[in-house]
Amino acid sequence: MRLRFLLLSVAFVFFIGLEASQDIASMEKRLQKLVDHERSKYRLKPLETSSILVYYARQHSQNMAQYRVDFGHGGFEKRASAIAEKSWVSSVGENVAYCYLMEDPLKAAVEGWMKSYSHRKNILGDYELTGVAIAYSRDGRCYMTQLFAKRVESGK
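Residues numbered from 1 in each chain as written. Predicted model: local features only at pLDDT ≥ 70, side-chain atom pairs only at ≥ 80, totals over all residues. Heavy atoms only, no water.

Caption draft 1: Structural view of the overall build of the protein chain. The secondary structure content of the protein chain amounts to five helices and four strands. Counting helices and strands in the order they occur from the N terminus, the protein chain gives α-β-α-α-β-α-α-β-β. When the 156 residues of the protein chain are sorted by exposure, 40% land in the buried category. Once local pairs closer than 6 in sequence are excluded, the contacts in the protein chain between residues at least 24 apart make up 70%. For the protein chain, the computed accessible surface area is about 10,200 Å², with 57% contributed by carbon and sulfur atoms. (Helix = DSSP H or I, 4+ residues; strand = E, 2+ residues; numbered from the N terminus. Buried < 20%, exposed > 50% of the residue type's maximum accessible area, 1.4 Å probe, protein only. Contact = heavy atoms within 4.5 Å. Areas by Shrake-Rupley, 256 points an atom, 1.4 Å probe, with all protein chains shown as cover.)

Set out below in structure tokens:
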């Protein structure tokens, strides 16, 4: 009986974790769509998802959510250098946000970014690639990182 309870508990935790990761993935897609919608207002193309950018965005969001690093752009130069080493990009930009107890943290983040000169510049910039990652802290804060990159032009 005890083993059965343990197995059911493990299965329950697994499915809760799976559901949470699926929710995060849908939130990340929605955040990218909200940014692409802002870009479309200026006749800019939607951004293409880059797995390398997602990897570094996820790492940064998780580090902020687990309080390993302060909220902000700390370590950005190191992330940008690592991205440049692993892919053919000529420039990298980064937006970060966190929301707490908000009905729609994604919409709030994009609205905040669009009101900030440097974040808006990233969203409307001459970028082609993006990576979006969201992580939640234990106390319910939603941390978001979006990386942007431009491919190196061929022949240069």
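Having seen the model, we can carry on.
Caption draft 2: Layout of a nonpolar patch on the surface. Together, Phe71, Tyr98, Tyr100 and Leu101 give the surface a local cluster of nonpolar side chains, amounting to about 440 Å² of exposed area. Take Tyr98: it is sitting in strand S2 (residues 89–99). (Patch = residues over 30% accessible without salt bridge, like charges linked within 9 Å, V, L, I, M, F, W, Y side chains within 5 Å. Salt bridge = Lys/Arg side-chain N within 4 Å of Asp/Glu carboxyl O.)

Caption draft 3: Here's a closer look at the sheet that holds S2. What the four strands build is an open sheet, ordered S1-S3-S4-S2; its pairing is mixed. Taken across any chain shown, the strands that pair with only one partner, and hence form the sheet edges, are strand S1 (48–49) and S2. Across ten bridges, the pairing between S2 and strand S4 (residues 142–151) is antiparallel. The residue bridging Val89 from the neighbouring strand is Arg151, located in S4. Contacting S2 and S4, helix H3 (residues 76–86) crosses the sheet at an angle of about 135 degrees to S2. Contacting S2, strand S3 (129–136) and S4, helix H4 (residues 105–115) crosses the sheet at an angle of about 125 degrees to S2. (Pairing = 2+ DSSP bridges. Axes fitted to C-alpha atoms, helices over the stretch in contact; angles between N-to-C directions.)

Caption draft 4: Examining the nonpolar core more closely. With 19 residues, the main nonpolar core has Leu31, Val35, Trp113, Ile134 and Met144 as its most contacted residues. Elements represented by at least two residues in this core include exactly helix H1 (2–40), S2, H4, S3 and S4. The biggest single contributor to this core is H4, with five residues. With near-sequence residues (within four places) excluded, Met144 lies in contact with Leu31, Ser61, Met64, Asn95, Val96, Ala97, Cys99, Pro105, Leu106, Ala109, Ala133 and Ile134. Leu53, Leu129, Leu147 and Ala149 belong to the second largest nonpolar core, which has 13 residues in total. (Core = buried A, V, L, I, M, F, W, Y, C linked by side-chain atoms within 4.5 Å.)

Caption draft 5: Spatial organisation of the packing of aromatic side chains. Taken as a whole and assessed by the stated rule, the structure comprises six aromatic pairs. Relative to Tyr56, the ring of Tyr55 has its centre 4.9 Å away and its plane inclined at 90 degrees; by these criteria the two rings are edge-to-face. What makes Tyr55 partly exposed here is its relative accessible area of 47%. With a centroid separation of 4.9 Å and 70 degrees between ring planes, the pair formed by Phe71 and Tyr98 is classed as edge-to-face. Of this pair, Phe71 sits in the loop between helix H2 (51–65) and H3 while Tyr98 sits in strand S2, and the two are 27 residues apart along the sequence. An aromatic cluster is present here, built from Tyr67, Phe71, Tyr98 and Tyr143 joined pairwise through their rings. Its end group placed over the ring of Tyr100, Arg141 keeps NZ or CZ at 4.6 Å from the ring centre. (Phe/Tyr/Trp six-rings, centres within 6.5 Å; stacked < 30°, edge-to-face > 60°. Lys NZ or Arg CZ within 6 Å of the ring centre and 35° of its normal.)

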